[in-house]
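Residues per chain are reported as follows:
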There are 2 protein chains.
Amino acid sequence: MPQIDNSTDDIEARVLDAASELFIRYGYDKSTMNDIASNAGVAKSTIYLRWKKKEDVFRALLIRESCLVTEEWIDRVEADPKGGTYGAWIRHATVATFSNPFLTALYKQDRRVLGSMIERLGQTDLYQQRQAMFLHFFEALQDANAVRKDLDAHVLTYLLNSLQFGLIHFADVIPPQQTPDLSRVWEVLVEMVERLVTPEDGGDAEAGKVVVRQFMQQVRQRLDEFEKQSSFTG
Amino acid sequence: MPQIDNSTDDIEARVLDAASELFIRYGYDKSTMNDIASNAGVAKSTIYLRWKKKEDVFRALLIRESCLVTEEWIDRVEADPKGGTYGAWIRHATVATFSNPFLTALYKQDRRVLGSMIERLGQTDLYQQRQAMFLHFFEALQDANAVRKDLDAHVLTYLLNSLQFGLIHFADVIPPQQTPDLSRVWEVLVEMVERLVTPEDGGDAEAGKVVVRQFMQQVRQRLDEFEKQSSFTG
DNA sequence: TCATGACCAAATAACCTTATCTGGTCAAAT
DNA sequence: ATTTGACCAGATAAGGTTATTTGGTCATGA
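To keep things clear, this report deals only with the structure shown in the data block. Just so it is clear, the model here is predicted, and its values are computed rather than measured.

For the pair chain A and chain B, the superposition axis carries a translation of 0.1 Å, the fit reaches an RMSD of 0.1 Å, and the rotation angle comes to 180°. Both chain copies can therefore be described as sitting about a two-fold axis. Within chain A, A:Gly166 has its C-alpha nearest the rotation axis, a separation of 1.9 Å. The overlap is high: 100% of the interface residues of chain A also sit at the interface in chain B, so the same surface is used on both sides.

A few words now on the protein's contact with DNA strand D. Looking at DNA strand D, there are 17 residues lining it, with A:Ser45, A:Thr46, B:Met33, B:Tyr48 and B:Lys54 nearest. When atoms of DNA strand D within 4 Å of the protein are split into backbone and base, the sugar-phosphate part holds 48%. Here a phosphate oxygen of DNA strand D sits 3.5 Å away from a polar atom, N or O, in the side chain of A:Arg50. A distance of 2.9 Å separates a base nitrogen of DNA strand D from a polar atom in the side chain of B:Lys44. Elements with a contribution of two residues or more to the surface near DNA strand D: α3 (44-50) of chain A together with α3 (44-48) of chain B. Among the elements that line the surface near DNA strand D, the one with the most residues is α3(A), at four residues. For the surface near DNA strand D, the class distribution of residues is six nonpolar, six polar and five charged.

Next up on the list: unusual backbone geometry. Comment: phi is negative for the bulk of residues other than glycine, and the bulk of peptide bonds are trans. Residues and elements named next belong to chain A. Its identity is not glycine, yet Gln109 carries a phi of approximately 50°, on the positive side. Note that Gln109 resides in the loop between α6 (101-107) and α7 (111-114). Phi at Asn145 takes a positive value of approximately 60°, unusual for a residue other than glycine. Within the secondary structure layout, Asn145 lies in the loop between α9 (126-143) and α10 (153-170). Take Asn145: its relative accessible area is 41%, and that puts it in the partly exposed class.

Calculation criteria
- Residues numbered from 1 in each chain as written.
- Chains lettered and ligands numbered in written order.
- Predicted model: local features only at pLDDT ≥ 70, side-chain atom pairs only at ≥ 80, totals over all residues.
- Heavy atoms only, no water.
- Least-squares fit on C-alpha atoms with pLDDT ≥ 70 in both.
- Contact = heavy atoms within 4.5 Å.
- Near = heavy atom within 4 Å.
- Polar contact = N/O pair within 3.5 Å; in protein donor to acceptor, adjacent residues only side chain to side chain.
- Helix = DSSP H or I, 4+ residues; strand = E, 2+ residues; numbered from the N terminus.
- Nonpolar A, V, L, I, M, F, W, Y, C, P; charged D, E, K, R; others polar.
- Buried < 20%, exposed > 50% of the residue type's maximum accessible area, 1.4 Å probe, protein only.

Written out as C-alpha coordinates, the structure is:
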(Lines give C-alpha, C1' and ligand atoms only; values in the text may rest on other atoms or scores of the structure.)
Protein backbone atom coordinates (compact mmCIF):
# COMPACT_ATOMS: atom_id res chain seq x y z
CA MET A 1 0.00 0.00 0.00
CA PRO A 2 1.77 3.20 -1.16
CA GLN A 3 1.84 6.44 0.77
CA ILE A 4 -1.68 7.51 1.50
CA ASP A 5 -2.36 11.14 0.90
CA ASN A 6 -5.15 12.08 3.23
CA SER A 7 -5.79 15.56 2.02
CA THR A 8 -9.42 16.30 1.40
CA ASP A 9 -9.03 16.27 -2.37
CA ASP A 10 -7.35 12.92 -2.37
CA ILE A 11 -9.85 11.25 -0.09
CA GLU A 12 -12.66 12.51 -2.28
CA ALA A 13 -10.95 11.36 -5.45
CA ARG A 14 -10.31 7.94 -3.93
CA VAL A 15 -13.89 7.61 -2.79
CA LEU A 16 -15.23 8.63 -6.19
CA ASP A 17 -12.81 6.27 -7.95
CA ALA A 18 -13.93 3.43 -5.70
CA ALA A 19 -17.58 4.31 -6.17
CA SER A 20 -17.17 4.46 -9.94
CA GLU A 21 -15.53 1.08 -10.13
CA LEU A 22 -18.03 -0.58 -7.81
CA PHE A 23 -21.10 0.99 -9.42
CA ILE A 24 -19.97 -0.12 -12.87
CA ARG A 25 -19.17 -3.65 -11.71
CA TYR A 26 -21.91 -4.41 -9.20
CA GLY A 27 -24.43 -1.67 -9.80
CA TYR A 28 -25.43 1.13 -7.46
CA ASP A 29 -27.77 -0.98 -5.31
CA LYS A 30 -25.34 -3.80 -4.71
CA SER A 31 -22.44 -1.51 -3.87
CA THR A 32 -22.52 -0.70 -0.16
CA MET A 33 -21.04 2.32 1.48
CA ASN A 34 -18.84 -0.10 3.38
CA ASP A 35 -17.50 -1.51 0.10
CA ILE A 36 -16.75 1.99 -1.15
CA ALA A 37 -15.08 3.01 2.09
CA SER A 38 -13.03 -0.15 2.25
CA ASN A 39 -11.85 0.18 -1.36
CA ALA A 40 -11.02 3.84 -0.79
CA GLY A 41 -9.04 3.02 2.34
CA VAL A 42 -11.14 5.11 4.72
CA ALA A 43 -13.89 4.48 7.24
CA LYS A 44 -17.48 4.69 6.17
CA SER A 45 -18.01 7.63 8.54
CA THR A 46 -15.34 9.55 6.67
CA ILE A 47 -17.47 9.47 3.58
CA TYR A 48 -20.40 10.90 5.54
CA LEU A 49 -18.24 13.80 6.58
CA ARG A 50 -18.20 14.91 2.96
CA TRP A 51 -21.45 13.67 1.52
CA LYS A 52 -24.70 13.59 3.36
CA LYS A 53 -25.95 10.36 1.82
CA LYS A 54 -25.15 7.61 -0.66
CA GLU A 55 -27.13 9.27 -3.40
CA ASP A 56 -24.96 12.37 -3.09
CA VAL A 57 -21.87 10.28 -3.77
CA PHE A 58 -23.53 9.09 -6.95
CA ARG A 59 -24.39 12.64 -8.00
CA ALA A 60 -20.87 13.87 -7.28
CA LEU A 61 -19.54 11.08 -9.45
CA LEU A 62 -21.91 12.08 -12.22
CA ILE A 63 -20.61 15.64 -12.14
CA ARG A 64 -17.00 14.55 -12.08
CA GLU A 65 -17.37 12.15 -14.99
CA SER A 66 -19.23 14.72 -17.04
CA CYS A 67 -16.35 17.16 -16.62
CA LEU A 68 -13.84 14.51 -17.62
CA VAL A 69 -15.83 13.65 -20.74
CA THR A 70 -16.16 17.27 -21.76
CA GLU A 71 -12.43 17.73 -21.32
CA GLU A 72 -11.82 14.67 -23.48
CA TRP A 73 -14.14 15.95 -26.17
CA ILE A 74 -12.43 19.32 -26.34
CA ASP A 75 -9.03 17.66 -26.57
CA ARG A 76 -10.15 15.36 -29.36
CA VAL A 77 -11.61 18.14 -31.49
CA GLU A 78 -8.54 20.33 -31.01
CA ALA A 79 -6.16 17.49 -31.82
CA ASP A 80 -7.90 16.45 -35.04
CA PRO A 81 -6.79 18.23 -38.21
CA LYS A 82 -10.27 17.45 -39.58
CA GLY A 83 -11.91 18.58 -36.39
CA GLY A 84 -13.51 21.45 -38.22
CA THR A 85 -16.00 19.34 -40.14
CA TYR A 86 -19.44 18.43 -38.91
CA GLY A 87 -18.91 14.73 -39.34
CA ALA A 88 -15.67 14.76 -37.37
CA TRP A 89 -17.27 16.94 -34.71
CA ILE A 90 -20.08 14.46 -34.29
CA ARG A 91 -17.57 11.66 -34.12
CA HIS A 92 -15.61 13.25 -31.29
CA ALA A 93 -18.72 14.23 -29.36
CA THR A 94 -19.85 10.63 -29.47
CA VAL A 95 -16.58 8.82 -28.90
CA ALA A 96 -15.62 11.05 -25.97
CA THR A 97 -18.95 10.56 -24.22
CA PHE A 98 -19.25 6.87 -24.75
CA SER A 99 -15.70 5.99 -23.82
CA ASN A 100 -16.81 6.73 -20.26
CA PRO A 101 -18.53 3.66 -18.76
CA PHE A 102 -20.42 5.63 -16.14
CA LEU A 103 -21.90 8.11 -18.60
CA THR A 104 -22.62 5.30 -21.03
CA ALA A 105 -24.63 3.50 -18.36
CA LEU A 106 -26.50 6.72 -17.76
CA TYR A 107 -27.30 7.24 -21.43
CA LYS A 108 -28.33 3.62 -21.75
CA GLN A 109 -30.49 3.92 -18.65
CA ASP A 110 -28.74 0.72 -17.67
CA ARG A 111 -30.74 -0.63 -14.75
CA ARG A 112 -28.00 -3.11 -13.96
CA VAL A 113 -25.71 -0.21 -13.10
CA LEU A 114 -28.10 2.52 -12.04
CA GLY A 115 -30.61 0.39 -10.09
CA SER A 116 -32.85 2.41 -7.83
CA MET A 117 -31.16 5.63 -8.94
CA ILE A 118 -33.08 5.42 -12.20
CA GLU A 119 -36.33 6.51 -10.59
CA ARG A 120 -34.58 9.07 -8.40
CA LEU A 121 -32.86 10.66 -11.36
CA GLY A 122 -36.19 10.99 -13.10
CA GLN A 123 -36.38 12.02 -16.73
CA THR A 124 -32.84 12.91 -17.63
CA ASP A 125 -33.52 14.29 -21.09
CA LEU A 126 -29.95 13.43 -22.05
CA TYR A 127 -30.70 12.72 -25.68
CA GLN A 128 -32.93 15.76 -25.89
CA GLN A 129 -30.17 17.98 -24.62
CA ARG A 130 -27.80 16.33 -27.01
CA GLN A 131 -30.22 16.88 -29.85
CA ALA A 132 -30.51 20.55 -28.97
CA MET A 133 -26.73 20.91 -28.97
CA PHE A 134 -26.36 19.11 -32.32
CA LEU A 135 -29.11 21.28 -33.75
CA HIS A 136 -27.74 24.55 -32.41
CA PHE A 137 -24.31 23.76 -33.77
CA PHE A 138 -25.54 22.63 -37.19
CA GLU A 139 -27.61 25.78 -37.56
CA ALA A 140 -24.54 27.88 -36.76
CA LEU A 141 -22.69 26.07 -39.53
CA GLN A 142 -25.59 26.72 -41.89
CA ASP A 143 -25.49 30.41 -41.00
CA ALA A 144 -21.78 30.41 -41.84
CA ASN A 145 -22.43 28.77 -45.23
CA ALA A 146 -20.24 25.88 -44.19
CA VAL A 147 -22.95 23.26 -44.77
CA ARG A 148 -26.05 22.97 -46.94
CA LYS A 149 -28.79 25.37 -46.00
CA ASP A 150 -31.52 23.34 -47.66
CA LEU A 151 -31.23 20.48 -45.20
CA ASP A 152 -33.79 20.32 -42.43
CA ALA A 153 -31.52 20.67 -39.41
CA HIS A 154 -33.99 19.12 -37.03
CA VAL A 155 -34.52 16.03 -39.16
CA LEU A 156 -30.82 15.55 -39.76
CA THR A 157 -29.80 15.93 -36.15
CA TYR A 158 -32.58 13.60 -35.05
CA LEU A 159 -31.22 11.07 -37.49
CA LEU A 160 -27.65 11.44 -36.26
CA ASN A 161 -28.74 11.31 -32.64
CA SER A 162 -30.61 8.07 -33.19
CA LEU A 163 -27.66 6.65 -35.09
CA GLN A 164 -25.48 7.41 -32.14
CA PHE A 165 -27.97 5.63 -29.95
CA GLY A 166 -27.89 2.65 -32.27
CA LEU A 167 -24.11 2.47 -32.37
CA ILE A 168 -23.88 2.59 -28.60
CA HIS A 169 -26.41 -0.13 -28.01
CA PHE A 170 -25.46 -2.34 -30.92
CA ALA A 171 -22.39 -3.49 -29.04
CA ASP A 172 -24.80 -5.49 -26.87
CA VAL A 173 -26.61 -6.98 -29.85
CA ILE A 174 -23.96 -8.08 -32.31
CA PRO A 175 -21.22 -10.38 -30.95
CA PRO A 176 -17.69 -8.97 -30.99
CA GLN A 177 -16.49 -11.48 -33.60
CA GLN A 178 -18.99 -10.01 -36.05
CA THR A 179 -18.40 -6.40 -35.10
CA PRO A 180 -16.12 -4.48 -37.43
CA ASP A 181 -13.42 -2.16 -36.14
CA LEU A 182 -15.35 0.80 -34.81
CA SER A 183 -12.91 3.37 -36.07
CA ARG A 184 -13.58 2.02 -39.56
CA VAL A 185 -17.31 2.39 -38.90
CA TRP A 186 -16.73 5.97 -37.86
CA GLU A 187 -14.72 6.73 -40.98
CA VAL A 188 -17.58 5.56 -43.18
CA LEU A 189 -20.10 7.46 -41.11
CA VAL A 190 -18.08 10.68 -41.21
CA GLU A 191 -17.76 10.31 -44.97
CA MET A 192 -21.46 9.69 -45.30
CA VAL A 193 -22.31 12.78 -43.23
CA GLU A 194 -19.84 14.96 -45.10
CA ARG A 195 -21.16 13.87 -48.48
CA LEU A 196 -24.63 14.81 -47.34
CA VAL A 197 -24.00 18.15 -45.67
CA THR A 198 -21.31 19.62 -47.89
CA PRO A 199 -22.73 22.11 -50.39
CA GLU A 200 -22.18 21.48 -54.09
CA ASP A 201 -19.64 24.31 -54.27
CA GLY A 202 -17.79 22.97 -51.23
CA GLY A 203 -19.13 25.61 -48.87
CA ASP A 204 -17.09 27.95 -46.76
CA ALA A 205 -14.83 25.49 -44.95
CA GLU A 206 -12.79 28.23 -43.28
CA ALA A 207 -15.90 29.80 -41.81
CA GLY A 208 -16.84 26.33 -40.57
CA LYS A 209 -13.55 26.03 -38.71
CA VAL A 210 -14.16 29.38 -37.08
CA VAL A 211 -17.58 28.24 -35.90
CA VAL A 212 -16.14 25.04 -34.49
CA ARG A 213 -13.36 26.91 -32.72
CA GLN A 214 -15.76 29.40 -31.20
CA PHE A 215 -18.14 26.68 -30.14
CA MET A 216 -15.42 24.68 -28.44
CA GLN A 217 -14.13 27.80 -26.71
CA GLN A 218 -17.58 28.33 -25.29
CA VAL A 219 -17.68 24.72 -24.13
CA ARG A 220 -14.27 25.14 -22.51
CA GLN A 221 -15.36 28.31 -20.80
CA ARG A 222 -18.53 26.78 -19.45
CA LEU A 223 -16.56 23.82 -18.18
CA ASP A 224 -14.11 26.06 -16.35
CA GLU A 225 -16.90 28.06 -14.73
CA PHE A 226 -18.70 24.90 -13.77
CA GLU A 227 -15.60 23.44 -12.17
CA LYS A 228 -15.00 26.66 -10.26
CA GLN A 229 -18.41 26.68 -8.67
CA SER A 230 -18.90 22.96 -8.31
CA SER A 231 -17.42 20.81 -5.69
CA PHE A 232 -17.71 17.08 -5.77
CA THR A 233 -19.23 16.93 -2.35
CA GLY A 234 -22.84 16.88 -1.29
CA MET B 1 -71.70 -10.91 -32.94
CA PRO B 2 -71.59 -11.43 -36.73
CA GLN B 3 -71.83 -14.77 -38.53
CA ILE B 4 -69.17 -17.02 -37.14
CA ASP B 5 -67.26 -18.98 -39.70
CA ASN B 6 -66.08 -22.09 -37.97
CA SER B 7 -63.92 -23.56 -40.67
CA THR B 8 -60.50 -24.59 -39.46
CA ASP B 9 -58.75 -21.73 -41.18
CA ASP B 10 -61.06 -19.16 -39.68
CA ILE B 11 -60.82 -20.52 -36.15
CA GLU B 12 -57.04 -20.49 -36.41
CA ALA B 13 -57.01 -16.98 -37.80
CA ARG B 14 -59.32 -15.77 -35.04
CA VAL B 15 -57.21 -17.42 -32.36
CA LEU B 16 -54.02 -15.92 -33.75
CA ASP B 17 -55.64 -12.51 -34.08
CA ALA B 18 -56.81 -12.69 -30.48
CA ALA B 19 -53.42 -13.90 -29.30
CA SER B 20 -51.65 -11.12 -31.18
CA GLU B 21 -53.80 -8.42 -29.69
CA LEU B 22 -53.58 -9.79 -26.17
CA PHE B 23 -49.83 -10.44 -26.28
CA ILE B 24 -49.17 -6.90 -27.50
CA ARG B 25 -51.46 -5.35 -24.91
CA TYR B 26 -50.88 -7.48 -21.82
CA GLY B 27 -47.78 -9.43 -22.68
CA TYR B 28 -47.43 -13.18 -23.19
CA ASP B 29 -47.37 -14.09 -19.51
CA LYS B 30 -50.44 -12.12 -18.54
CA SER B 31 -52.53 -13.35 -21.45
CA THR B 32 -54.24 -16.60 -20.51
CA MET B 33 -55.44 -19.27 -22.85
CA ASN B 34 -58.89 -18.55 -21.50
CA ASP B 35 -58.55 -14.88 -22.56
CA ILE B 36 -57.45 -15.93 -26.03
CA ALA B 37 -60.25 -18.47 -26.38
CA SER B 38 -62.85 -16.07 -25.13
CA ASN B 39 -61.73 -13.28 -27.48
CA ALA B 40 -61.63 -15.74 -30.39
CA GLY B 41 -65.13 -16.97 -29.58
CA VAL B 42 -64.16 -20.59 -29.02
CA ALA B 43 -63.56 -22.81 -26.02
CA LYS B 44 -60.09 -23.18 -24.64
CA SER B 45 -60.13 -26.88 -25.54
CA THR B 46 -60.67 -25.95 -29.16
CA ILE B 47 -57.31 -24.23 -29.18
CA TYR B 48 -55.68 -27.37 -27.84
CA LEU B 49 -57.15 -29.33 -30.72
CA ARG B 50 -54.85 -27.35 -32.99
CA TRP B 51 -51.85 -26.44 -30.89
CA LYS B 52 -50.31 -28.63 -28.31
CA LYS B 53 -49.44 -25.85 -25.88
CA LYS B 54 -49.50 -22.11 -25.31
CA GLU B 55 -45.99 -21.67 -26.54
CA ASP B 56 -46.97 -23.20 -29.87
CA VAL B 57 -49.63 -20.55 -30.31
CA PHE B 58 -46.93 -17.94 -29.83
CA ARG B 59 -44.66 -19.63 -32.38
CA ALA B 60 -47.46 -19.93 -34.90
CA LEU B 61 -48.15 -16.24 -34.47
CA LEU B 62 -44.48 -15.50 -35.04
CA ILE B 63 -44.52 -17.41 -38.30
CA ARG B 64 -47.72 -15.78 -39.48
CA GLU B 65 -46.53 -12.27 -38.71
CA SER B 66 -43.21 -12.88 -40.40
CA CYS B 67 -45.00 -13.92 -43.57
CA LEU B 68 -47.20 -10.84 -43.44
CA VAL B 69 -44.19 -8.58 -43.02
CA THR B 70 -42.34 -10.20 -45.88
CA GLU B 71 -45.38 -9.79 -48.10
CA GLU B 72 -45.58 -6.13 -47.08
CA TRP B 73 -41.91 -5.61 -47.87
CA ILE B 74 -42.22 -7.14 -51.32
CA ASP B 75 -45.26 -5.01 -52.06
CA ARG B 76 -43.51 -1.82 -50.96
CA VAL B 77 -40.43 -2.42 -53.07
CA GLU B 78 -42.48 -3.29 -56.12
CA ALA B 79 -44.73 -0.28 -55.70
CA ASP B 80 -41.90 2.24 -55.32
CA PRO B 81 -40.57 3.76 -58.56
CA LYS B 82 -37.28 4.26 -56.68
CA GLY B 83 -37.41 0.77 -55.27
CA GLY B 84 -34.34 -0.16 -57.27
CA THR B 85 -31.92 1.88 -55.18
CA TYR B 86 -30.11 0.60 -52.12
CA GLY B 87 -31.34 3.38 -49.88
CA ALA B 88 -34.97 2.83 -50.86
CA TRP B 89 -34.56 -0.90 -50.46
CA ILE B 90 -33.23 -0.43 -46.93
CA ARG B 91 -36.11 1.89 -46.19
CA HIS B 92 -38.75 -0.61 -47.24
CA ALA B 93 -37.05 -3.49 -45.44
CA THR B 94 -37.12 -1.45 -42.25
CA VAL B 95 -40.51 0.17 -42.49
CA ALA B 96 -42.24 -3.09 -43.40
CA THR B 97 -40.69 -4.98 -40.50
CA PHE B 98 -41.22 -2.37 -37.89
CA SER B 99 -44.78 -1.51 -38.79
CA ASN B 100 -45.63 -4.88 -37.24
CA PRO B 101 -45.98 -4.53 -33.47
CA PHE B 102 -45.36 -8.20 -32.78
CA LEU B 103 -42.14 -8.36 -34.79
CA THR B 104 -41.06 -5.03 -33.36
CA ALA B 105 -41.44 -6.42 -29.84
CA LEU B 106 -39.37 -9.38 -30.91
CA TYR B 107 -36.57 -7.27 -32.39
CA LYS B 108 -36.63 -5.05 -29.31
CA GLN B 109 -36.55 -8.11 -27.07
CA ASP B 110 -39.37 -6.33 -25.28
CA ARG B 111 -39.79 -8.18 -22.01
CA ARG B 112 -43.06 -6.47 -21.38
CA VAL B 113 -44.53 -8.27 -24.39
CA LEU B 114 -42.43 -11.41 -24.64
CA GLY B 115 -42.13 -12.20 -20.92
CA SER B 116 -41.04 -15.75 -20.24
CA MET B 117 -40.84 -16.47 -23.96
CA ILE B 118 -37.59 -14.49 -24.09
CA GLU B 119 -35.62 -17.25 -22.44
CA ARG B 120 -37.46 -19.96 -24.35
CA LEU B 121 -36.74 -18.30 -27.68
CA GLY B 122 -33.07 -18.15 -26.79
CA GLN B 123 -30.63 -16.22 -28.97
CA THR B 124 -32.68 -15.14 -31.94
CA ASP B 125 -29.86 -13.65 -34.00
CA LEU B 126 -32.41 -11.41 -35.71
CA TYR B 127 -30.04 -8.53 -36.29
CA GLN B 128 -27.31 -10.89 -37.38
CA GLN B 129 -29.57 -12.46 -39.97
CA ARG B 130 -30.60 -9.02 -41.06
CA GLN B 131 -26.99 -7.95 -41.32
CA ALA B 132 -26.21 -10.99 -43.46
CA MET B 133 -29.08 -10.17 -45.79
CA PHE B 134 -28.07 -6.51 -46.07
CA LEU B 135 -24.50 -7.60 -46.76
CA HIS B 136 -25.37 -10.24 -49.32
CA PHE B 137 -27.58 -7.82 -51.17
CA PHE B 138 -25.07 -4.97 -51.13
CA GLU B 139 -22.34 -7.26 -52.46
CA ALA B 140 -24.64 -8.32 -55.30
CA LEU B 141 -25.09 -4.64 -56.15
CA GLN B 142 -21.31 -4.15 -56.04
CA ASP B 143 -20.84 -7.08 -58.40
CA ALA B 144 -23.32 -5.46 -60.76
CA ASN B 145 -21.40 -2.15 -60.66
CA ALA B 146 -24.53 -0.48 -59.31
CA VAL B 147 -22.80 0.83 -56.18
CA ARG B 148 -19.24 1.73 -55.18
CA LYS B 149 -16.90 -1.22 -55.08
CA ASP B 150 -14.40 0.50 -52.81
CA LEU B 151 -16.78 0.61 -49.84
CA ASP B 152 -16.32 -2.01 -47.17
CA ALA B 153 -19.67 -3.78 -47.39
CA HIS B 154 -19.45 -5.24 -43.91
CA VAL B 155 -18.74 -1.90 -42.26
CA LEU B 156 -21.47 -0.12 -44.20
CA THR B 157 -24.14 -2.69 -43.51
CA TYR B 158 -23.19 -2.81 -39.83
CA LEU B 159 -23.65 0.93 -39.76
CA LEU B 160 -27.04 0.81 -41.46
CA ASN B 161 -28.19 -2.03 -39.26
CA SER B 162 -27.31 -0.13 -36.12
CA LEU B 163 -29.01 2.96 -37.49
CA GLN B 164 -32.15 0.95 -38.00
CA PHE B 165 -31.85 -0.22 -34.43
CA GLY B 166 -31.48 3.38 -33.27
CA LEU B 167 -34.47 4.60 -35.24
CA ILE B 168 -36.68 1.85 -33.86
CA HIS B 169 -35.75 2.45 -30.27
CA PHE B 170 -35.55 6.21 -30.39
CA ALA B 171 -39.31 6.40 -30.44
CA ASP B 172 -39.14 5.41 -26.76
CA VAL B 173 -36.50 8.00 -25.95
CA ILE B 174 -37.55 11.22 -27.62
CA PRO B 175 -41.09 12.44 -26.88
CA PRO B 176 -43.50 12.55 -29.84
CA GLN B 177 -43.71 16.37 -29.78
CA GLN B 178 -40.01 16.53 -30.52
CA THR B 179 -39.96 13.73 -33.04
CA PRO B 180 -39.96 14.85 -36.66
CA ASP B 181 -42.15 13.23 -39.28
CA LEU B 182 -40.52 9.85 -39.82
CA SER B 183 -41.05 9.83 -43.55
CA ARG B 184 -38.98 13.03 -43.66
CA VAL B 185 -36.30 11.30 -41.62
CA TRP B 186 -36.32 8.43 -44.10
CA GLU B 187 -36.00 10.77 -47.05
CA VAL B 188 -32.86 12.32 -45.57
CA LEU B 189 -31.47 8.92 -44.72
CA VAL B 190 -32.11 7.51 -48.19
CA GLU B 191 -30.42 10.58 -49.68
CA MET B 192 -27.47 10.16 -47.34
CA VAL B 193 -27.08 6.50 -48.26
CA GLU B 194 -27.41 7.18 -51.96
CA ARG B 195 -24.82 9.93 -51.89
CA LEU B 196 -22.42 7.56 -50.22
CA VAL B 197 -22.89 4.43 -52.29
CA THR B 198 -23.41 5.87 -55.75
CA PRO B 199 -20.24 5.72 -57.83
CA GLU B 200 -18.84 8.96 -59.25
CA ASP B 201 -19.99 7.99 -62.74
CA GLY B 202 -23.48 7.17 -61.47
CA GLY B 203 -22.92 3.41 -61.72
CA ASP B 204 -25.07 0.96 -63.60
CA ALA B 205 -28.52 1.81 -62.30
CA GLU B 206 -30.28 -0.53 -64.69
CA ALA B 207 -28.17 -3.46 -63.52
CA GLY B 208 -29.09 -2.44 -59.99
CA LYS B 209 -32.77 -2.69 -60.78
CA VAL B 210 -32.24 -6.16 -62.19
CA VAL B 211 -30.49 -7.24 -59.00
CA VAL B 212 -33.31 -5.86 -56.88
CA ARG B 213 -35.93 -7.55 -59.01
CA GLN B 214 -34.14 -10.89 -58.86
CA PHE B 215 -33.61 -10.60 -55.14
CA MET B 216 -37.25 -9.84 -54.45
CA GLN B 217 -38.33 -12.71 -56.69
CA GLN B 218 -36.21 -15.03 -54.61
CA VAL B 219 -37.77 -13.63 -51.45
CA ARG B 220 -41.24 -14.13 -52.93
CA GLN B 221 -40.40 -17.69 -53.93
CA ARG B 222 -39.04 -18.57 -50.52
CA LEU B 223 -42.12 -17.08 -48.92
CA ASP B 224 -44.43 -19.15 -51.11
CA GLU B 225 -42.53 -22.34 -50.38
CA PHE B 226 -42.52 -21.56 -46.71
CA GLU B 227 -46.25 -20.95 -46.68
CA LYS B 228 -46.87 -24.19 -48.53
CA GLN B 229 -45.00 -26.32 -46.03
CA SER B 230 -45.85 -24.37 -42.94
CA SER B 231 -49.04 -24.53 -41.13
CA PHE B 232 -49.83 -22.18 -38.32
CA THR B 233 -50.53 -25.03 -35.96
CA GLY B 234 -48.27 -26.76 -33.51
C1' DT C 1 -66.36 -35.64 -36.00
C1' DC C 2 -65.69 -31.57 -33.75
C1' DA C 3 -66.52 -28.46 -29.90
C1' DT C 4 -67.26 -28.14 -25.16
C1' DG C 5 -67.26 -28.01 -19.94
C1' DA C 6 -65.65 -30.13 -15.85
C1' DC C 7 -61.64 -31.41 -13.79
C1' DC C 8 -56.70 -31.50 -12.00
C1' DA C 9 -51.79 -30.80 -10.71
C1' DA C 10 -48.61 -27.45 -10.85
C1' DA C 11 -47.60 -22.70 -10.96
C1' DT C 12 -48.37 -18.22 -9.29
C1' DA C 13 -49.84 -14.67 -6.16
C1' DA C 14 -50.50 -13.03 -1.71
C1' DC C 15 -49.31 -12.90 2.90
C1' DC C 16 -46.51 -13.63 7.03
C1' DT C 17 -42.28 -14.30 9.98
C1' DT C 18 -37.48 -14.16 11.01
C1' DA C 19 -32.67 -13.20 10.20
C1' DT C 20 -29.38 -10.29 8.23
C1' DC C 21 -27.73 -6.27 6.08
C1' DT C 22 -27.24 -1.36 5.18
C1' DG C 23 -27.42 3.67 5.35
C1' DG C 24 -26.66 6.72 8.54
C1' DT C 25 -25.42 8.64 13.50
C1' DC C 26 -22.58 10.00 17.29
C1' DA C 27 -19.38 9.62 21.04
C1' DA C 28 -14.66 8.26 21.54
C1' DA C 29 -9.94 7.98 19.96
C1' DT C 30 -5.95 9.99 17.83
C1' DA D 1 -9.56 18.96 14.02
C1' DT D 2 -10.16 14.73 11.76
C1' DT D 3 -10.97 9.87 11.63
C1' DT D 4 -12.92 5.97 13.49
C1' DG D 5 -15.72 2.05 15.49
C1' DA D 6 -19.86 0.78 17.82
C1' DC D 7 -24.50 1.24 17.43
C1' DC D 8 -29.38 1.46 15.58
C1' DA D 9 -33.84 1.53 13.00
C1' DG D 10 -35.46 0.44 8.83
C1' DA D 11 -34.81 -2.10 4.58
C1' DT D 12 -33.92 -6.27 2.40
C1' DA D 13 -33.35 -11.19 1.90
C1' DA D 14 -34.73 -15.68 2.87
C1' DG D 15 -38.00 -18.98 4.01
C1' DG D 16 -42.62 -20.78 4.76
C1' DT D 17 -47.86 -21.21 4.26
C1' DT D 18 -52.24 -20.66 2.04
C1' DA D 19 -55.42 -19.30 -1.63
C1' DT D 20 -56.17 -18.75 -6.37
C1' DT D 21 -55.19 -19.23 -11.11
C1' DT D 22 -53.63 -21.43 -15.24
C1' DG D 23 -52.10 -24.70 -18.79
C1' DG D 24 -53.53 -28.72 -20.16
C1' DT D 25 -56.59 -33.24 -20.24
C1' DC D 26 -60.49 -36.08 -21.25
C1' DA D 27 -65.16 -37.71 -21.22
C1' DT D 28 -69.48 -35.89 -22.84
C1' DG D 29 -72.65 -33.51 -25.89
C1' DA D 30 -74.25 -32.00 -30.32
